[in-house]
Amino acid sequence: MLSFINLISTWAIPLIIAFIPLYAYYRKVPVYESFVDGAKDGFGTAISIIPHLVGMMVAISVFRASGALDFFMGFIAPFFHWMGVPPEILPLGILRPLTGTGSLAFTTDLIQTYGPDSMIGRIASTIQGSTDTTFYVLTVYFGAVGIRNGRYALKVGLFSDLVGFVAAIFICLLVFG
């Protein structure tokens, strides 16, 4: 059974990539011309979201360089330590909604320092998989389609990140603790 699943996972994406143009050709869709038109639209979208991305990156840099991240970490670390949660993972809970690359780099550092099978490594990996880069998603997707008022989406996104963060810690402590 495991070899069958490995076979499916090995061939799924190449088959899908081959299937789409073949099906389009069968339906008499001009495949190359459609691709070029889509690429032109994608270039325009990329240009339109650059100001939003620059603004987000500046805000993240200011948040980290100002010491606000360290201040916030010092404020909540004793509470998490009291609950038996390793305080080393707390910056990940703050960085993950802000930046995917920054949180991945932080997770990589945690895994290199403590090991992938340590409680810190397991919690960090689970957080990485159960939360999202909310600010990036809102910046890119809302900026691409011109949505200006995303306050409810921001609240729901951050709440789901919080739930994912807490659930990752709880499940890891329950399963591996």
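Structure report, in brief. Predicted model, so just to flag it, every value in this text is computed and none were measured.

A look at unusual backbone geometry
Glycine aside, negative phi is the norm for most residues, and most peptide bonds take the trans geometry. Phi is positive for Lys-28, close to 65°, though the residue is something other than glycine. Checked against the element boundaries, Lys-28 lands in the loop between α1 (2-26) and α2 (31-65). In this structure Lys-28 comes out as exposed when scored by relative accessible area, which is 75%.

A closer look at the packing of aromatic side chains
Summed over all chains, the structure comprises five aromatic pairs. For the ring pair Phe-19 and Tyr-23, a centre distance of 5.6 Å and an interplane angle of 20° mean the geometry is stacked. Within this pair, Phe-19 and its partner Tyr-23 are both found in helix α1, separated by four residues, close to a single helical turn. The class of Tyr-23 is partly exposed, set by a relative accessible area of 38%. Here the aromatic residues Phe-79, Phe-80, Trp-82 and Phe-165 are joined through ring pairs into a cluster of three or more.

Brief notes about the layout of surface pockets
Within this model, the largest pocket holds a volume of roughly 360 Å³. What lines the largest pocket is a set of 18 residues, and nearest its centre among them are Phe-72, Gly-93, Ile-94, Pro-97 and Leu-162. For the lining of the largest pocket, the secondary-structure elements that each account for two or more residues are α3 (68-82), α4 (90-95) and α8 (151-176). The biggest single contributor to the lining of the largest pocket is α8, with five residues. Across the lining of the largest pocket, the residue classes tally to 14 nonpolar, two polar and two charged. Here the second largest pocket is characterised by a volume of approximately 150 Å³. Of the residues forming the lining of the second largest pocket, the biggest block, four residues, is contributed by helix α7 (residues 134-145). For the lining of the second largest pocket, the per-class residue count stands at four nonpolar, four polar and two charged.

Some thoughts on the nonpolar core
Core analysis: the biggest nonpolar cluster contains 19 residues, and Phe-80, Ile-89, Leu-90, Ile-123, Ile-127, Phe-165 and Ile-169 have the highest contact counts within it. Going through the elements one at a time, α3, α4, α6 (119-130) and α8 are the ones with two or more residues in this core. Every residue in contact with Ile-127, bar those within four places of it in the chain, is listed here: Ile-89, Leu-92, Arg-96, Phe-165, Ala-168 and Ile-169.

Digging into α7
An α-helical turn contains 3.6 residues, so any two residues separated by three or four positions project in the same direction. End to end, α7 covers 16 Å across twelve residues, agreeing with the expected 16 Å (1.5 Å per residue, within 8%). The set of residues buried in α7 consists of Thr-134, Leu-138, Thr-139, Val-140 and Gly-143. The secondary structure elements touched by the buried residues of α7 are α2 and α8. Backbone geometry just downstream of α7 places Gly-146 in the positive-phi region, at approximately 85°.

A closer look at the packing of helix α5 (residues 100-114) against α6
Across the interface, α5 lies against α6 with an axial gap of 9 Å and an inter-helix angle of 160°. Viewed along their axes, α5 and α6 adopt a mutual orientation that is roughly antiparallel. The way α5 lies across α6 gives a crossing that is left-handed. From α5, Gly-100, Ser-103, Leu-104, Thr-107, Leu-110, Ile-111 and Tyr-114 reach across to α6, where they touch Ile-120, Gly-121, Ala-124, Ser-125 and Gln-128. Grouping the constituent residues of the contact of α5 with α6 by class yields six nonpolar, six polar and no charged.

A look at a nonpolar patch on the surface
On the surface, Phe-4, Ile-5, Leu-7, Ile-8, Trp-11 and Leu-15 cluster together to form a nonpolar patch covering roughly 630 Å² of accessible area. Relative to the helices and strands, Ile-8 resides in helix α1.

Cut-offs used in this document
- Residues numbered from 1 in each chain as written.
- Predicted model: local features only at pLDDT ≥ 70, side-chain atom pairs only at ≥ 80, totals over all residues.
- Heavy atoms only, no water.
- Helix = DSSP H or I, 4+ residues; strand = E, 2+ residues; numbered from the N terminus.
- Buried < 20%, exposed > 50% of the residue type's maximum accessible area, 1.4 Å probe, protein only.
- Phe/Tyr/Trp six-rings, centres within 6.5 Å; stacked < 30°, edge-to-face > 60°.
- 1 Å grid on protein atoms, 1.4 Å probe; cavity = no way out; pocket = protein on both sides within 12 Å on 5 of 7 lines; lining within 4 Å.
- Points joined across faces, edges and corners; volume = space filled by probe spheres on them.
- Nonpolar A, V, L, I, M, F, W, Y, C, P; charged D, E, K, R; others polar.
- Core = buried A, V, L, I, M, F, W, Y, C linked by side-chain atoms within 4.5 Å.
- Contact = heavy atoms within 4.5 Å.
- Expected span 1.5 Å × (residues − 1).
- Axes fitted to C-alpha atoms, helices over the stretch in contact; angles between N-to-C directions.
- Parallel < 35°, antiparallel > 145°, perpendicular 65-115°, else oblique.
- Left-handed = near helix turned anticlockwise from the far one by under 90°.
- Patch = residues over 30% accessible without salt bridge, like charges linked within 9 Å, V, L, I, M, F, W, Y side chains within 5 Å.
- Areas by Shrake-Rupley, 256 points an atom, 1.4 Å probe, with all protein chains shown as cover.
- Salt bridge = Lys/Arg side-chain N within 4 Å of Asp/Glu carboxyl O.

Everything listed here is a matter of coordinates, which is why it stays silent on function.
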